[in-house]
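Report on the structure
The chain contents come next:
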Amino acid sequence: MIAFAIFAGTYLVLAIGGLPGFRIDRTGAAVIGASLMLGCNVLTFDEAIQAVDHSTLVLLFGMMIVVANLRLSGFFRVVAARAVEHAHRPKTLLAAVIAVAGLFSAFFVNDTMCIVLTPLVLEVATALGRNPVPYLLAVAMAANVGSVATITGNPQNMLIGNMSGIPYRNFAGALTPVALAGLMLTFLVIVLSFRKEFRDVERVNVAPLRVRVNRVLMLKSLAMSAGMIVFFFLGWPVAKVAVVAGALLLITRRVKPEKVYHEIDWSLLAMFAGLFIVVAGVEKTSLEEDLVALAAQYHLDRAGVLTSLSAALSNLVSNVPAVLVFRPIIAHLEDARRGWLLLAMSSTFAGNLTVLGSVANLIVVQRSRREAPISFWQYFRVGAPLTLLTLVVGTLWLA
(Lines give C-alpha, C1' and ligand atoms only; values in the text may rest on other atoms or scores of the structure.)
Protein backbone atom coordinates (compact mmCIF):
# COMPACT_ATOMS: atom_id res chain seq x y z
CA MET A 1 0.00 0.00 0.00
CA ILE A 2 2.88 2.37 0.76
CA ALA A 3 4.48 1.68 -2.62
CA PHE A 4 1.19 2.20 -4.43
CA ALA A 5 0.50 5.43 -2.52
CA ILE A 6 3.93 6.84 -3.46
CA PHE A 7 3.40 5.82 -7.09
CA ALA A 8 -0.09 7.35 -7.22
CA GLY A 9 1.07 10.58 -5.55
CA THR A 10 4.01 10.94 -7.94
CA TYR A 11 1.87 10.41 -11.03
CA LEU A 12 -0.79 12.79 -9.73
CA VAL A 13 1.78 15.58 -9.55
CA LEU A 14 3.03 14.58 -13.01
CA ALA A 15 -0.54 14.84 -14.32
CA ILE A 16 -1.27 18.32 -12.93
CA GLY A 17 2.26 19.61 -13.52
CA GLY A 18 2.99 20.57 -9.91
CA LEU A 19 1.80 20.46 -6.33
CA PRO A 20 -0.62 23.28 -5.40
CA GLY A 21 0.89 25.57 -2.77
CA PHE A 22 4.42 24.23 -3.33
CA ARG A 23 7.13 24.90 -5.88
CA ILE A 24 7.44 21.29 -6.99
CA ASP A 25 7.67 20.47 -10.69
CA ARG A 26 7.59 17.09 -12.48
CA THR A 27 11.30 16.48 -11.88
CA GLY A 28 10.91 17.25 -8.18
CA ALA A 29 7.96 14.85 -7.98
CA ALA A 30 10.03 12.04 -9.51
CA VAL A 31 12.97 12.67 -7.17
CA ILE A 32 10.71 12.87 -4.09
CA GLY A 33 8.87 9.71 -5.12
CA ALA A 34 12.14 7.82 -5.60
CA SER A 35 13.45 9.04 -2.23
CA LEU A 36 10.27 7.92 -0.48
CA MET A 37 10.58 4.46 -2.04
CA LEU A 38 13.99 4.27 -0.35
CA GLY A 39 12.97 5.97 2.88
CA CYS A 40 9.96 3.69 3.38
CA ASN A 41 12.08 0.58 2.67
CA VAL A 42 10.07 -0.38 -0.38
CA LEU A 43 13.42 -0.72 -2.16
CA THR A 44 16.93 -1.17 -0.82
CA PHE A 45 19.61 1.20 -2.04
CA ASP A 46 21.09 -1.53 -4.26
CA GLU A 47 17.67 -2.30 -5.75
CA ALA A 48 17.14 1.37 -6.49
CA ILE A 49 20.50 1.62 -8.27
CA GLN A 50 19.72 -1.50 -10.30
CA ALA A 51 16.30 -0.11 -11.23
CA VAL A 52 17.81 2.82 -13.13
CA ASP A 53 18.24 2.08 -16.82
CA HIS A 54 21.73 3.47 -17.16
CA SER A 55 21.84 2.85 -20.92
CA THR A 56 18.94 5.24 -21.48
CA LEU A 57 20.54 7.96 -19.34
CA VAL A 58 23.90 7.52 -21.09
CA LEU A 59 22.24 7.71 -24.51
CA LEU A 60 20.30 10.83 -23.57
CA PHE A 61 23.39 12.47 -22.06
CA GLY A 62 25.57 11.67 -25.09
CA MET A 63 22.96 12.98 -27.53
CA MET A 64 22.63 16.19 -25.52
CA ILE A 65 26.37 16.86 -25.86
CA VAL A 66 26.34 16.18 -29.62
CA VAL A 67 23.28 18.38 -30.17
CA ALA A 68 24.77 21.12 -27.97
CA ASN A 69 27.86 21.29 -30.17
CA LEU A 70 25.80 21.40 -33.37
CA ARG A 71 23.69 24.18 -31.95
CA LEU A 72 26.62 26.22 -30.64
CA SER A 73 28.31 25.95 -34.04
CA GLY A 74 25.27 27.55 -35.70
CA PHE A 75 24.56 24.54 -37.93
CA PHE A 76 20.81 24.23 -37.32
CA ARG A 77 20.23 27.93 -37.84
CA VAL A 78 22.26 27.97 -41.07
CA VAL A 79 20.28 25.09 -42.58
CA ALA A 80 16.96 26.58 -41.50
CA ALA A 81 17.88 30.04 -42.80
CA ARG A 82 18.94 28.71 -46.21
CA ALA A 83 15.77 26.64 -46.54
CA VAL A 84 13.53 29.58 -45.64
CA GLU A 85 15.35 32.01 -47.95
CA HIS A 86 14.48 29.84 -50.96
CA ALA A 87 10.78 29.66 -50.08
CA HIS A 88 8.98 32.23 -52.26
CA ARG A 89 5.34 31.37 -51.51
CA PRO A 90 3.52 31.06 -48.15
CA LYS A 91 2.87 27.35 -48.76
CA THR A 92 6.50 26.82 -49.77
CA LEU A 93 7.63 28.62 -46.64
CA LEU A 94 5.39 26.37 -44.53
CA ALA A 95 6.71 23.26 -46.30
CA ALA A 96 10.30 24.38 -45.68
CA VAL A 97 9.66 24.90 -41.96
CA ILE A 98 7.99 21.48 -41.66
CA ALA A 99 10.74 19.72 -43.62
CA VAL A 100 13.58 21.20 -41.58
CA ALA A 101 11.86 20.66 -38.21
CA GLY A 102 10.80 17.11 -39.07
CA LEU A 103 14.07 15.95 -40.61
CA PHE A 104 16.42 17.15 -37.90
CA SER A 105 14.08 16.18 -35.08
CA ALA A 106 14.34 12.59 -36.28
CA PHE A 107 18.02 12.45 -35.40
CA PHE A 108 18.76 15.26 -32.96
CA VAL A 109 15.87 15.44 -30.44
CA ASN A 110 12.74 17.48 -31.18
CA ASP A 111 13.08 20.00 -28.34
CA THR A 112 16.33 21.34 -29.79
CA MET A 113 14.74 22.12 -33.15
CA CYS A 114 12.00 24.12 -31.44
CA ILE A 115 14.58 26.18 -29.53
CA VAL A 116 16.47 26.93 -32.75
CA LEU A 117 13.60 27.47 -35.20
CA THR A 118 11.14 29.52 -33.15
CA PRO A 119 13.09 32.84 -33.17
CA LEU A 120 14.04 32.32 -36.83
CA VAL A 121 10.44 31.74 -37.93
CA LEU A 122 9.29 34.75 -35.91
CA GLU A 123 11.94 36.92 -37.55
CA VAL A 124 11.02 35.83 -41.07
CA ALA A 125 7.24 36.02 -40.62
CA THR A 126 7.46 39.47 -39.05
CA ALA A 127 9.73 40.78 -41.82
CA LEU A 128 7.32 39.52 -44.49
CA GLY A 129 4.22 40.81 -42.72
CA ARG A 130 2.76 37.29 -42.50
CA ASN A 131 0.76 35.75 -39.67
CA PRO A 132 3.46 33.90 -37.68
CA VAL A 133 1.08 31.54 -35.83
CA PRO A 134 0.67 28.81 -38.50
CA TYR A 135 4.43 28.67 -39.06
CA LEU A 136 5.09 28.48 -35.32
CA LEU A 137 2.54 25.66 -34.99
CA ALA A 138 4.36 23.94 -37.84
CA VAL A 139 7.61 24.08 -35.88
CA ALA A 140 6.13 22.38 -32.81
CA MET A 141 3.95 19.85 -34.60
CA ALA A 142 6.49 18.85 -37.24
CA ALA A 143 9.17 18.46 -34.57
CA ASN A 144 6.91 16.07 -32.67
CA VAL A 145 5.89 14.13 -35.78
CA GLY A 146 9.39 13.88 -37.26
CA SER A 147 10.88 12.68 -33.98
CA VAL A 148 8.88 9.43 -34.14
CA ALA A 149 11.10 8.12 -36.95
CA THR A 150 14.13 7.00 -34.92
CA ILE A 151 15.26 5.98 -31.46
CA THR A 152 17.15 9.27 -31.03
CA GLY A 153 14.20 11.48 -32.03
CA ASN A 154 12.85 12.04 -28.53
CA PRO A 155 13.35 10.84 -24.92
CA GLN A 156 10.49 8.32 -24.93
CA ASN A 157 11.85 6.67 -28.09
CA MET A 158 15.27 6.38 -26.44
CA LEU A 159 13.60 4.68 -23.50
CA ILE A 160 11.63 2.32 -25.74
CA GLY A 161 14.69 1.57 -27.86
CA ASN A 162 16.65 0.41 -24.81
CA MET A 163 13.78 -1.53 -23.23
CA SER A 164 12.69 -3.26 -26.43
CA GLY A 165 16.09 -4.13 -27.88
CA ILE A 166 14.85 -3.25 -31.39
CA PRO A 167 17.87 -2.36 -33.58
CA TYR A 168 18.13 1.27 -34.68
CA ARG A 169 17.72 0.52 -38.40
CA ASN A 170 14.68 -1.73 -37.82
CA PHE A 171 13.06 0.91 -35.61
CA ALA A 172 13.66 3.55 -38.28
CA GLY A 173 12.47 1.23 -41.06
CA ALA A 174 9.16 0.65 -39.29
CA LEU A 175 8.42 4.24 -38.23
CA THR A 176 9.98 6.47 -40.92
CA PRO A 177 7.02 5.94 -43.31
CA VAL A 178 4.68 6.89 -40.46
CA ALA A 179 6.70 10.05 -39.79
CA LEU A 180 6.68 11.05 -43.47
CA ALA A 181 2.92 10.55 -43.71
CA GLY A 182 2.53 12.56 -40.51
CA LEU A 183 4.56 15.48 -41.89
CA MET A 184 2.38 15.59 -45.01
CA LEU A 185 -0.73 15.58 -42.82
CA THR A 186 0.79 18.41 -40.75
CA PHE A 187 1.09 20.51 -43.91
CA LEU A 188 -2.48 19.78 -45.03
CA VAL A 189 -4.10 20.38 -41.64
CA ILE A 190 -2.32 23.72 -41.11
CA VAL A 191 -3.15 24.94 -44.63
CA LEU A 192 -6.82 24.02 -44.18
CA SER A 193 -6.91 25.62 -40.73
CA PHE A 194 -5.44 28.92 -41.97
CA ARG A 195 -7.03 29.26 -45.43
CA LYS A 196 -6.74 33.03 -45.47
CA GLU A 197 -2.98 32.94 -44.83
CA PHE A 198 -2.29 30.39 -47.58
CA ARG A 199 -4.84 31.56 -50.15
CA ASP A 200 -2.41 34.33 -51.05
CA VAL A 201 -0.15 33.24 -53.93
CA GLU A 202 1.86 36.44 -54.01
CA ARG A 203 5.60 35.85 -54.23
CA VAL A 204 7.49 36.58 -51.03
CA ASN A 205 11.19 37.34 -50.90
CA VAL A 206 13.17 36.66 -47.76
CA ALA A 207 16.25 38.80 -47.34
CA PRO A 208 19.43 36.84 -46.58
CA LEU A 209 19.55 36.10 -42.89
CA ARG A 210 22.76 36.80 -41.01
CA VAL A 211 23.86 33.78 -39.04
CA ARG A 212 26.97 33.58 -36.88
CA VAL A 213 28.79 30.28 -37.26
CA ASN A 214 31.87 28.61 -35.88
CA ARG A 215 33.06 26.79 -38.99
CA VAL A 216 35.67 24.63 -37.30
CA LEU A 217 33.25 23.49 -34.63
CA MET A 218 30.55 22.95 -37.25
CA LEU A 219 32.73 20.72 -39.41
CA LYS A 220 33.90 18.75 -36.41
CA SER A 221 30.36 18.34 -35.07
CA LEU A 222 28.99 17.33 -38.47
CA ALA A 223 31.71 14.74 -38.98
CA MET A 224 31.09 13.27 -35.53
CA SER A 225 27.31 13.29 -36.02
CA ALA A 226 27.54 11.61 -39.42
CA GLY A 227 29.82 8.92 -38.01
CA MET A 228 27.50 8.42 -35.07
CA ILE A 229 24.45 7.90 -37.31
CA VAL A 230 26.36 5.46 -39.51
CA PHE A 231 27.31 3.38 -36.48
CA PHE A 232 23.69 3.49 -35.29
CA PHE A 233 22.52 1.94 -38.56
CA LEU A 234 25.36 -0.59 -38.52
CA GLY A 235 23.91 -1.98 -35.31
CA TRP A 236 26.46 -0.77 -32.75
CA PRO A 237 25.14 -0.17 -29.20
CA VAL A 238 23.32 3.16 -29.44
CA ALA A 239 24.19 4.42 -25.96
CA LYS A 240 27.88 3.59 -26.33
CA VAL A 241 28.15 5.29 -29.72
CA ALA A 242 26.34 8.43 -28.52
CA VAL A 243 28.41 8.92 -25.37
CA VAL A 244 31.72 8.31 -27.20
CA ALA A 245 30.73 10.84 -29.87
CA GLY A 246 29.82 13.34 -27.16
CA ALA A 247 33.06 12.72 -25.28
CA LEU A 248 35.17 13.26 -28.39
CA LEU A 249 33.43 16.58 -29.05
CA LEU A 250 34.41 17.75 -25.57
CA ILE A 251 38.08 17.59 -26.69
CA THR A 252 38.34 21.14 -28.00
CA ARG A 253 40.28 24.37 -27.65
CA ARG A 254 37.50 26.61 -29.00
CA VAL A 255 34.43 26.08 -26.84
CA LYS A 256 34.29 26.46 -23.08
CA PRO A 257 32.92 23.27 -21.49
CA GLU A 258 30.52 25.38 -19.43
CA LYS A 259 28.68 26.38 -22.62
CA VAL A 260 28.08 22.73 -23.49
CA TYR A 261 27.04 21.81 -19.95
CA HIS A 262 24.57 24.70 -19.96
CA GLU A 263 22.82 23.11 -22.95
CA ILE A 264 22.28 19.79 -21.16
CA ASP A 265 18.83 19.23 -19.66
CA TRP A 266 19.93 17.98 -16.25
CA SER A 267 16.39 18.08 -14.88
CA LEU A 268 15.23 15.62 -17.53
CA LEU A 269 18.01 13.19 -16.61
CA ALA A 270 17.03 13.49 -12.94
CA MET A 271 13.36 12.89 -13.77
CA PHE A 272 14.24 9.75 -15.73
CA ALA A 273 16.30 8.35 -12.86
CA GLY A 274 13.58 9.13 -10.32
CA LEU A 275 10.81 7.56 -12.40
CA PHE A 276 12.81 4.37 -12.92
CA ILE A 277 12.99 3.96 -9.14
CA VAL A 278 9.33 4.86 -8.54
CA VAL A 279 8.14 2.32 -11.13
CA ALA A 280 10.52 -0.33 -9.76
CA GLY A 281 9.04 0.18 -6.31
CA VAL A 282 5.46 -0.32 -7.45
CA GLU A 283 6.50 -3.37 -9.49
CA LYS A 284 7.20 -5.12 -6.16
CA THR A 285 3.46 -5.00 -5.48
CA SER A 286 0.72 -6.89 -7.32
CA LEU A 287 0.19 -3.92 -9.67
CA GLU A 288 2.18 -5.49 -12.49
CA GLU A 289 0.06 -8.65 -12.36
CA ASP A 290 -3.08 -6.52 -12.23
CA LEU A 291 -1.97 -4.50 -15.25
CA VAL A 292 -1.22 -7.66 -17.23
CA ALA A 293 -4.67 -9.03 -16.31
CA LEU A 294 -6.29 -5.78 -17.41
CA ALA A 295 -4.31 -5.87 -20.65
CA ALA A 296 -5.74 -9.30 -21.42
CA GLN A 297 -9.24 -8.27 -20.38
CA TYR A 298 -9.30 -5.13 -22.53
CA HIS A 299 -7.41 -6.70 -25.47
CA LEU A 300 -4.34 -4.47 -25.45
CA ASP A 301 -2.86 -6.78 -28.07
CA ARG A 302 -5.20 -5.00 -30.50
CA ALA A 303 -3.41 -2.09 -32.14
CA GLY A 304 -6.29 0.37 -31.85
CA VAL A 305 -6.84 -0.29 -28.15
CA LEU A 306 -3.16 0.07 -27.26
CA THR A 307 -2.85 3.27 -29.30
CA SER A 308 -5.92 4.84 -27.66
CA LEU A 309 -4.85 4.07 -24.10
CA SER A 310 -1.25 5.15 -24.72
CA ALA A 311 -2.35 8.45 -26.27
CA ALA A 312 -4.76 9.13 -23.41
CA LEU A 313 -2.22 8.37 -20.68
CA SER A 314 0.51 10.34 -22.47
CA ASN A 315 -1.68 13.44 -22.37
CA LEU A 316 -2.57 12.82 -18.75
CA VAL A 317 0.89 12.31 -17.21
CA SER A 318 3.27 13.07 -20.16
CA ASN A 319 4.79 10.56 -22.55
CA VAL A 320 7.87 9.36 -20.63
CA PRO A 321 5.95 8.42 -17.44
CA ALA A 322 3.27 6.80 -19.63
CA VAL A 323 5.85 4.64 -21.41
CA LEU A 324 7.19 3.42 -18.06
CA VAL A 325 3.69 2.38 -16.97
CA PHE A 326 3.30 0.29 -20.13
CA ARG A 327 6.71 -1.39 -19.69
CA PRO A 328 5.48 -4.52 -17.84
CA ILE A 329 2.45 -4.83 -20.11
CA ILE A 330 4.16 -4.75 -23.52
CA ALA A 331 6.47 -7.65 -22.63
CA HIS A 332 3.42 -9.92 -22.15
CA LEU A 333 1.74 -9.09 -25.47
CA GLU A 334 1.64 -11.70 -28.20
CA ASP A 335 3.63 -9.44 -30.54
CA ALA A 336 5.85 -7.41 -28.20
CA ARG A 337 7.84 -5.81 -31.03
CA ARG A 338 4.72 -4.35 -32.62
CA GLY A 339 3.55 -3.27 -29.17
CA TRP A 340 6.74 -1.28 -28.57
CA LEU A 341 6.47 0.40 -31.98
CA LEU A 342 2.82 1.27 -31.39
CA LEU A 343 3.76 2.71 -28.01
CA ALA A 344 6.51 4.86 -29.56
CA MET A 345 4.19 6.10 -32.29
CA SER A 346 1.17 6.83 -30.12
CA SER A 347 3.01 8.41 -27.17
CA THR A 348 4.81 10.76 -29.59
CA PHE A 349 1.87 11.73 -31.81
CA ALA A 350 -0.29 12.27 -28.71
CA GLY A 351 1.99 15.20 -27.87
CA ASN A 352 0.35 17.29 -30.60
CA LEU A 353 -3.11 17.23 -29.00
CA THR A 354 -2.69 20.27 -26.74
CA VAL A 355 -0.11 22.91 -25.85
CA LEU A 356 0.69 20.89 -22.72
CA GLY A 357 1.16 17.65 -24.66
CA SER A 358 4.94 17.94 -25.08
CA VAL A 359 7.89 20.07 -24.02
CA ALA A 360 8.41 21.01 -27.68
CA ASN A 361 5.01 22.73 -27.75
CA LEU A 362 5.73 24.65 -24.57
CA ILE A 363 9.10 25.83 -25.90
CA VAL A 364 7.48 27.32 -29.01
CA VAL A 365 4.61 28.94 -27.09
CA GLN A 366 6.88 30.40 -24.39
CA ARG A 367 9.49 31.74 -26.83
CA SER A 368 6.88 33.42 -29.04
CA ARG A 369 4.47 34.69 -26.37
CA ARG A 370 5.43 38.38 -26.75
CA GLU A 371 5.46 38.69 -30.54
CA ALA A 372 2.83 36.05 -31.43
CA PRO A 373 0.89 34.63 -28.46
CA ILE A 374 -0.71 31.23 -29.12
CA SER A 375 -3.78 30.40 -27.03
CA PHE A 376 -4.74 26.93 -25.81
CA TRP A 377 -7.74 26.76 -28.15
CA GLN A 378 -5.83 28.18 -31.08
CA TYR A 379 -3.40 25.31 -30.74
CA PHE A 380 -6.08 22.72 -29.99
CA ARG A 381 -8.15 23.37 -33.12
CA VAL A 382 -5.14 22.37 -35.24
CA GLY A 383 -3.57 19.83 -32.90
CA ALA A 384 -6.71 17.78 -32.25
CA PRO A 385 -7.47 16.81 -35.88
CA LEU A 386 -3.76 16.32 -36.62
CA THR A 387 -3.35 14.02 -33.61
CA LEU A 388 -6.39 11.97 -34.58
CA LEU A 389 -5.30 11.62 -38.21
CA THR A 390 -1.70 10.69 -37.43
CA LEU A 391 -2.74 8.16 -34.78
CA VAL A 392 -5.10 6.48 -37.25
CA VAL A 393 -2.48 6.37 -40.01
CA GLY A 394 0.22 5.12 -37.66
CA THR A 395 -2.01 2.43 -36.19
CA LEU A 396 -3.14 1.17 -39.59
CA TRP A 397 0.45 1.05 -40.85
CA LEU A 398 1.80 -0.85 -37.86
CA ALA A 399 -1.22 -3.14 -37.62
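Residues numbered from 1 in each chain as written. Predicted model: local features only at pLDDT ≥ 70, side-chain atom pairs only at ≥ 80, totals over all residues. Heavy atoms only, no water.

Considerations on the pattern of salt bridges
Counting across every chain of the model gives three salt bridges. Here Glu263 and Arg71 are joined by a salt bridge, their closest N and O atoms 2.5 Å apart. Here Glu263, found in helix 14 (residues 257–263), pairs with Arg71, found in helix 4 (residues 54–73); they are 192 residues apart in sequence, far enough to count as distant. Of the charged contacts in the structure, one is a salt bridge between Arg77 and Glu123, with a shortest N-O distance of 3.0 Å. Of this pair, Arg77 sits in helix 5 (residues 75–85) while Glu123 is found in helix 7 (residues 110–128), placing the two residues 46 residues apart along the sequence. Look at Arg77 and you get partly exposed, because its relative accessible area is 23%. (Salt bridge = Lys/Arg side-chain N within 4 Å of Asp/Glu carboxyl O. Helix = DSSP H or I, 4+ residues; strand = E, 2+ residues; numbered from the N terminus. Buried < 20%, exposed > 50% of the residue type's maximum accessible area, 1.4 Å probe, protein only.)

Examining the layout of surface pockets
Empty space within the largest pocket amounts to approximately 880 Å³. For the largest pocket, the lining is made up of 37 residues, of which Arg26, Ser318, Ser358, Val359 and Leu362 are closest to its centre. By residue number, the principal contributor to the lining of the largest pocket is helix 20 (residues 359–367), which donates five residues. Class assignment of the residues belonging to the lining of the largest pocket gives a composition of 16 nonpolar, 16 polar and five charged. (1 Å grid on protein atoms, 1.4 Å probe; cavity = no way out; pocket = protein on both sides within 12 Å on 5 of 7 lines; lining within 4 Å. Points joined across faces, edges and corners; volume = space filled by probe spheres on them. Nonpolar A, V, L, I, M, F, W, Y, C, P; charged D, E, K, R; others polar.)

What to know about the environment of Gly246
One can find Gly246 in helix 13 (residues 238–249). Here the alpha-carbon distance between Gly246 and Gly62, two residues 184 residues apart in the chain, equals 5.0 Å. Look past the residues within four positions of Gly246 in its chain and what remains in contact with it is Gly62, Ile65 and Val66. (Contact = heavy atoms within 4.5 Å.)

A word on the environment of Leu248
Note that Leu248 resides in helix 13. Linking Leu248 and Pro134, residues 114 residues apart in sequence, is a C-alpha distance of 39 Å. The residues contacting Leu248, other than those within four sequence positions of it, are Lys220 and Met224.

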